[in-house]
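One-letter residues, chain by chain:
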Amino acid sequence: MKFALALCAAFLLVVLVQAEQECTPGQTKKQDCNTCNCTPTGVWACTRKGCPPHKREISCEPGTTFKDKCNTCRCGSDGKSAACTLKACPHQ
């Protein structure tokens, strides 16, 4: 019984933390690669997957490494592309 109550409390905490704006119960939406569902109480609850970064133009020295948030990247031979780790960085 205590475990069930703790589980419910944890779920409610996640829902409250994820509450960005009011919504109509049953609605769904995508936020990057995450899925959000509107709870019966009218707040958004979203998954928190680490999404791959969006492609963007870069300029770097070929062969060098650099940081992108918590990920490490290596500049490609053309100086306009890079290969990066795909860690889920904490929100800053």
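One structure accompanies this document, and this report is about it. Given the structure is predicted, the values throughout are model-derived calculations rather than measurements. (Residues numbered from 1 in each chain as written. Predicted model: local features only at pLDDT ≥ 70, side-chain atom pairs only at ≥ 80, totals over all residues. Heavy atoms only, no water.)

## Structural notes on the sheet that holds strand β4 (residues 65-68)
Backbone-to-backbone hydrogen bonds pair the strands of a sheet. The strands run either parallel or antiparallel. Stated formally: Should DSSP find at least two bridges between two strands, the strands are taken to pair. Runs of E in the DSSP output that reach at least two residues are strands. Runs of H or I that reach at least four are helices, and both are numbered from the N terminus. Every angle, taken between N-to-C directions, lies between 0 and 180 degrees, and every axis is a line fitted to C-alpha atoms, over only the stretch in contact when it is a helix.
Taken together, the 3 strands give an open sheet; going across it, the order is β4-β5-β6, and neighbouring strands pair in antiparallel fashion. With one partner strand each, in any of the chains shown, β4 and β6 (82-84) form the two edges of the open sheet. Across the sheet, the axes of successive neighbouring strands diverge by a mean angle of 30°, strand direction being ignored. Strand direction decides the pairing type here: strand β5 (residues 71-75) and β6, joined by 3 bridges, are antiparallel. Considered in β6, the bridge of C73 is made with C84.

## Here's the deal with unusual backbone geometry
For clarity, the threshold we go by: Think of it in three bands: with a 1.4 Å probe and only protein chains considered, a residue is buried below 20% of the maximum accessible area for its type, exposed above 50%, and partly exposed in between.
One non-glycine residue, D32, lies in positive phi territory at about 55°. Exposure remark for D32: the relative accessible area of 56% places this residue in the exposed category. If you check the backbone angles, K69 has positive phi at about 55° while not being a glycine. Residue K69 is classed as exposed on the basis of its relative accessible area of 64%.

## Let's talk about the state of the cysteines
Selection rule: Any pair of cysteine sulfurs within 2.5 Å is marked as a disulfide.
Tallied over the full model, the rule gives 6 disulfides. A sulfur-sulfur separation of 2.0 Å characterises the disulfide bridge that pairs C23 with C38. The chirality of the disulfide connecting C23 with C38 is right-handed, given an S-S dihedral of about 90°. On the criterion of sequence distance, the pair formed by C23 in the loop between α1 (2-18) and β1 (28-31) and C38 in strand β2 (residues 34-38) is long-range, its members being 15 residues apart. An identical accessibility class is assigned to C23 and C38; each is buried. The disulfide bridge from C60 ends at C75, spanning 1.9 Å between sulfur atoms. Judged by the sign of its S-S torsion, about 80°, the cystine formed by C60 and C75 is right-handed. Here the residue C60 occupies a position in the loop between β3 (44-46) and β4, and C75 occupies one in strand β5, the gap between them amounting to 15 residues. Along the protein, the cysteines engaged in disulfide bonds are linked according to the scheme 1-4, 2-6, 3-5, 7-10, 8-12, 9-11 when indexed in sequence order.

## A closer look at the side chain of N71
To keep things clear, this is the line we draw: Contacts described as polar in this section are N or O atom pairs within 3.5 Å, which, within protein, must combine one atom able to donate a hydrogen with one able to accept it, while residues neighboring in sequence count only if both atoms come from side chains. Whether two residues touch is decided by their heavy atoms; if any such pair falls within 4.5 Å, the residues are in contact.
Mapped onto the elements, N71 comes out in strand β5. Under the relative-accessibility criterion, N71 is labelled buried at 8%. Polar contacts involving the side chain of N71 include one to the main-chain amide nitrogen of K87, which spans 2.6 Å. Among all residues touching N71, those that are not within four sequence positions of it are F66, T85, L86, K87 and C89.

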